[in-house]
Amino acid sequence: MSSLRDQLSQLVYSTDQGKIEAEPQPEQIPASDGFIKMRRETKGRKGKGVTCLSDFGVEASELKDLCKQMKKLCGVGGSVKDYVIEIQGDQRDKLQTWLEQQGYKVKRIGG
């Protein structure tokens, strides 16, 4: 059990260096099992469907590039949220074909 003195012992401000910033944590990339999970979701979107792709196992910058290519291929909008690519509409067939051509293995999750 830590005492109040231990909790308050972290240096917050110093006249020597100014405000002390916490060291940035390295990016935590979710692990992948080699398969990209593809599913269609409507929950929380007022009935509008989106195609969600996850488990790429790459950095956020690479995911944004992939998302941009997928949006261009499908002619729709999309985004990257928490290492999950969301593409508007039901684009599963088109994206699965394209991803397999790019060398990825795809698993469909759900209906």
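One structure accompanies this document, and this report is about it. (Residues numbered from 1 in each chain as written. Predicted model: local features only at pLDDT ≥ 70, side-chain atom pairs only at ≥ 80, totals over all residues. Heavy atoms only, no water.)

## Some words on the side chain of Glu 86
Now for step 1: With respect to the element layout, Glu 86 can be found in strand S6 (residues 84-88).
Now for step 2: At a separation of 3.0 Å, a polar atom in the side chain of Glu 86 contacts the side chain of Arg 45.
Now for step 3: The contacts of Glu 86, once residues within four sequence positions are left out, are Arg 45, Thr 51, Cys 52, Gly 77, Gly 78, Ser 79 and Lys 81. (Helix = DSSP H or I, 4+ residues; strand = E, 2+ residues; numbered from the N terminus. Polar contact = N/O pair within 3.5 Å; in protein donor to acceptor, adjacent residues only side chain to side chain. Contact = heavy atoms within 4.5 Å.)

## A short note on unusual backbone geometry
Now for step 1: In the Ramachandran plot, Asp 55 falls in the positive-phi region, its phi being about 65° despite a non-glycine side chain.
Now for step 2: Structurally, Asp 55 is set in the loop between strand S4 (50-54) and helix H2 (60-74).
Now for step 3: Even without being a glycine, Asp 82 presents a positive backbone phi close to 50°.
Now for step 4: Tracing the chain through its elements places Asp 82 in the loop between strand S5 (78-81) and S6.

## With respect to the pairing of S4
Now for step 1: Most of S4 is tucked away: five of the five residues are buried.
Now for step 2: With five bridges connecting them, strand S3 (residues 35-41) and S4 associate as antiparallel partners. Residue pairing for S4: Lys 37 is matched across the bridge by Ser 54.
Now for step 3: Across four bridges, S4 lies against S6 in antiparallel orientation. The partner of Thr 51 across the bridge, within S6, is Ile 87. (Buried < 20%, exposed > 50% of the residue type's maximum accessible area, 1.4 Å probe, protein only. Pairing = 2+ DSSP bridges.)

## Some points on the side chain of Lys 37
Now for step 1: Mapped onto the elements of the fold, Lys 37 is located in strand S3.
Now for step 2: At 3.0 Å, the side chain of Lys 37 and the side chain of Asp 33 are in polar contact.
Now for step 3: In terms of polar contacts, Lys 37 uses its side chain to reach the side chain of Asp 55, at 3.2 Å.
Now for step 4: Look past the residues within four positions of Lys 37 in its chain and what remains in contact with it is Cys 52, Leu 53, Ser 54, Asp 55, Lys 107 and Ile 109.

## As for the packing of aromatic side chains
Given two aromatic rings, their pairing is described by the distance between the two centres and the angle made by the two planes.
Now for step 1: Tallying each qualifying case throughout the model produces one aromatic pair.
Now for step 2: Ring geometry for Phe 56 and Tyr 104: centres 5.8 Å apart, planes at 80°, overall edge-to-face. Of this pair, Phe 56 sits in the loop between S4 and H2 while Tyr 104 sits in the loop between helix H3 (92-101) and strand S7 (105-108); the two residues are 48 residues apart in sequence, bridging distant segments of the chain.
Now for step 3: Here Tyr 104 falls in the partly exposed class, since its relative accessible area comes to 29%. (Phe/Tyr/Trp six-rings, centres within 6.5 Å; stacked < 30°, edge-to-face > 60°.)

## Focus on the sheet that holds S7
Now for step 1: What the five strands build is an open sheet, ordered S5-S6-S4-S3-S7; its pairing is mixed. Lying at the two open borders of the sheet, with one neighbouring strand each, are S5 and S7. Along the sheet, successive strands turn relative to each other by an average axial angle of 25°, direction set aside.
Now for step 2: Along the sheet face, H2 touches S4, S5 and S6 and points at about 15° away from the line of S6.
Now for step 3: Its contacts with the sheet place H3 against S3, S4, S6 and S7, and it is angled at close to 170° to S3. (Axes fitted to C-alpha atoms, helices over the stretch in contact; angles between N-to-C directions.)

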